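Summary of structural features
Listed below, chain by chain, are the residues.
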Amino acid sequence: METQQTFIIIKPEAVARGLVGEILRRFEAKGLKIRRLAMKTIEPDVARVHYGHHADKPFFPELIEAITAGPVVIGVLEGPGAIAHVRNLIGATDPLKAAPGTIRGDFALQNPYNMVHASDSPETARDEIARFFGDE
Ligand code: CMP
């Protein structure tokens, strides 16, 4: 299987609840390698670009407020099929539909507070890694 890189955000609600170690542990236990890791607070302008494909949704203002509410941990994970593996580990977008055993299924109650963002395609991963780590 093709080695891929994917981009993750451990969201403000997960950082505030002290779940950074638990979430990273799950990715590492799966066998994924952590290639980049940083803590930062996302600026509203960057958040609006990152979630630009949701700009017409009624929940957009709430989503921007939630992702900029406090520090996040951003990272790049690598491994065979990393994009699909990470999305399987985090579970369905809606915490109500996320299976127990997934990160969202175990720790989240409702959107937009679903604990982790992860890239959904190789193109998105490339763009998101460049957006958040491009200046390194
Ligand atoms: P994420 O994977 O970061 O990508 C888009 C985000 O929008 C998603 O996780 C949720 O945080 C948020 N989201 C998706 N659907 C809804 C919704 N119906 N109401 C509020 N937030 C949502």
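On a predicted model such as this, the values are computed, not experimentally measured, just so you know.

**Describing the nonpolar core**
Judged by nonpolar contacts, the single largest core of 21 residues is most densely connected at Ile8, Ile10, Ile23, Phe27, Val86, Ile103 and Met115. Per-element accounting of this core gives the leading share, four residues, to helix H5 (residues 82-90). Those residues within four positions of Ile8 in sequence are excluded, and the remaining contacts are Leu24, Phe27, Val73, Ile74, Gly75, Leu77, Val86, His117 and Ala118. Formed by 15 residues, the second largest nonpolar core is a distinct cluster that contains Leu63, Val72, Ile129 and Phe133.

**Let's talk about the sheet that holds strand S1 (residues 3-10)**
Judged by pairing direction, the sheet is antiparallel, and its four strands sit side by side in the order S2-S3-S1-S4 without closing on themselves. In this open sheet, the two edge strands, each paired with only one partner strand, are strand S2 (33-40) and strand S4 (116-118). Each strand of the sheet is rotated relative to its neighbour by a mean of 20 degrees, with strand direction disregarded. Two elements, S2 and strand S3 (residues 72-80), share seven bridges in a ladder whose sense is antiparallel. Counted as the bridge partner of Lys33 is Glu78 from S3. Packing of helix H2 (residues 20-30) onto the sheet brings it into contact with S1, S2, S3 and S4, and relative to S1 it is tilted by some 165 degrees.

**Describing the environment of Ala99**
Its place among the elements puts Ala99 in the loop between H5 and helix H6 (103-107). The partly exposed category is assigned to Ala99, whose relative accessible area is 40%. Ala99 sits 11 residues away from Asn88 along the chain, and the two C-alpha atoms are 9.8 Å apart.

**Examining the packing of aromatic side chains**
Scanning the entire structure with this criterion turns up two aromatic pairs. Ring centres of Phe7 and Phe132 lie 4.8 Å apart, and the angle between their planes is 15 degrees; on these two criteria the pair is classed as stacked. Here Phe7 is found in strand S1, whereas its partner Phe132 is found in helix H7 (residues 122-133), with 125 residues between them in sequence. A relative accessible area of 0% means that Phe7 is categorised as buried. Between the aromatic rings of Phe7 and Phe133, the centroid separation amounts to 6.3 Å while the plane-to-plane angle is 75 degrees, which identifies the pairing as edge-to-face. Separated by 126 residues along the polypeptide, Phe7 in strand S1 and Phe133 in helix H7 bring together distant segments of the chain. Overall, the relative accessible area of 3% leaves Phe133 in the buried class. Linked through ring pairs, Phe7, Phe132 and Phe133 together constitute an aromatic cluster.

**Description of the side chain of Thr6**
Position of Thr6 among the secondary structure elements: in strand S1. Filtering out sequence-adjacent residues up to four positions away, Thr6 remains in contact with Gly75, Val76, Leu77, Ala82, Ile83, Val86, Ser119, Ala125 and Ile129.

What counts and how
- Residues numbered from 1 in each chain as written.
- Predicted model: local features only at pLDDT ≥ 70, side-chain atom pairs only at ≥ 80, totals over all residues.
- Heavy atoms only, no water.
- Core = buried A, V, L, I, M, F, W, Y, C linked by side-chain atoms within 4.5 Å.
- Buried < 20%, exposed > 50% of the residue type's maximum accessible area, 1.4 Å probe, protein only.
- Helix = DSSP H or I, 4+ residues; strand = E, 2+ residues; numbered from the N terminus.
- Contact = heavy atoms within 4.5 Å.
- Pairing = 2+ DSSP bridges.
- Axes fitted to C-alpha atoms, helices over the stretch in contact; angles between N-to-C directions.
- Phe/Tyr/Trp six-rings, centres within 6.5 Å; stacked < 30°, edge-to-face > 60°.

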